[in-house]
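Take a look at the letters that make up each chain.
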Amino acid sequence: MSRKKPARTKKIAQRQGFPWWAWVLIGLVVGFGAVAVSTLMRPSQQATLPAEISVQEAAQLRDEGAFVLDVREPEEWNEYHIPGATLIPLGQLASRVNELPRDQKIVVYCRSGNRSQEGLDILRQAGFTNVTSVSGGIKAWSAAGLPTVTGP
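Residues numbered from 1 in each chain as written. Predicted model: local features only at pLDDT ≥ 70, side-chain atom pairs only at ≥ 80, totals over all residues. Heavy atoms only, no water.

A. Summary view of the side chain of Arg72. Checked against the element boundaries, Arg72 lands in the loop between strand 2 (67-70) and helix 4 (74-79). Using a relative accessible area of 2% as the deciding quantity, one classes Arg72 as buried. At a separation of 3.2 Å, a polar atom in the side chain of Arg72 contacts the main-chain carbonyl oxygen of Glu76. Those residues in contact with Arg72, other than ones at most four positions away along the chain, are Trp77, Tyr80, His81, Leu87, Pro89, Tyr109, Cys110, Arg111, Arg115 and Ile138. (Helix = DSSP H or I, 4+ residues; strand = E, 2+ residues; numbered from the N terminus. Buried < 20%, exposed > 50% of the residue type's maximum accessible area, 1.4 Å probe, protein only. Polar contact = N/O pair within 3.5 Å; in protein donor to acceptor, adjacent residues only side chain to side chain. Contact = heavy atoms within 4.5 Å.)

Structure, rendered in structure tokens:
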């Protein structure tokens, strides 16, 4: 087997400009640069809202256009709920996450705050980052004198 052919290929590559390893290095630098830029342009994957907020903070977020999610059962919803909220019972949430907006803040509430924490966990596991839970749930909301509506 002759070793002259690889030497000739190497000489041709050197005559055409850079050695082969320089092209590899340039490709790596450009590739890593593209990944770095796309990472910087992508929204943060970290949570942008605290895990839990007060009813006053929840009311402010709702007024600013946040998506309000009630994870209680339909009977509880009919009794009273936050105006403009959407009902998705906790037991259905994991299979219905595609119904929620990924480009809005999401405020999750329940009766007292326990189920909404579970809902928060489900949404974060599904990749939602802009989600929070209402401390004290609708009981605290109502006790603070914030508006509620009844019926379906």
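Additional details are given in the paragraphs that follow.
B. Local environment of the pairing of strand 2. The two faces of strand 2 match: Phe67 and Leu69 on one face and Val68 and Asp70 on the other face are all buried. Two strands pair when backbone bridges link them, and strand 2 and strand 4 (residues 106-109) are joined in this way by four bridges, in the parallel orientation. Each bridged residue has a counterpart across the sheet, and for Val68 the counterpart in strand 4 is Val107. As a crossover connection, the stretch from strand 2 through helix 4 into strand 3 (residues 86-87) is right-handed. (Pairing = 2+ DSSP bridges. Right-handed = clockwise from strand over helix to strand, strands pointing away.)

C. Inspection of the pairing of strand 5 (residues 131-134) at higher detail. Both faces of strand 5 are covered, namely the face carrying Val131 and Ser133 and the face carrying Thr132 and Val134. As paired elements, strand 1 (residues 52-53) and strand 5 share two bridges and run parallel to each other. When the sheet's bridge partners are listed, Ile53 is paired in strand 5 with Val134. Of the pairings in the sheet, the one linking strand 4 to strand 5 comprises three bridges and is parallel in character. Paired with Ile106 across the bridge in strand 5 is Val131. Taken together, strand 4, helix 6 (residues 114-125) and strand 5 constitute a β-α-β crossover, and its handedness is right-handed.

D. Structural view of the environment of Ser54. For Ser54, the position within the fold is in the loop between strand 1 and helix 3 (55-63). Ser54 sits 82 residues away from Gly136 along the chain, and the two C-alpha atoms are 7.8 Å apart.

E. Layout of the environment of Trp77. One can find Trp77 in helix 4. Assessed through its relative accessible area of 10%, Trp77 is described here as buried. If we skip the residues at most four places from it in the chain, Trp77 touches Asp70, Arg72, Ala85, Thr86, Leu87, Tyr109, Gly151 and Pro152.

F. How the structure looks around the confidence of the model for the protein chain. Overall, the prediction assigns the protein chain a mean pLDDT of 84, with 76% of residues at 70 or greater. Between residues 39-45, whose pLDDT stays under 50, and residues either more than four places distant or in other chains, the model counts two contacts. (pLDDT = per-residue confidence, 0-100.)

G. Quick peek at helix 6. In a regular helix each residue adds 1.5 Å, so 12 residues correspond to 16 Å; helix 6 covers 17 Å between its end C-alpha atoms and thus fits that length. Tucked into the core, helix 6 has its buried residues touching strand 2, helix 5 (90-93), strand 4 and strand 5. Just downstream of helix 6 lies Gly127, where phi reads positive at about 100°. (Expected span 1.5 Å × (residues − 1).)

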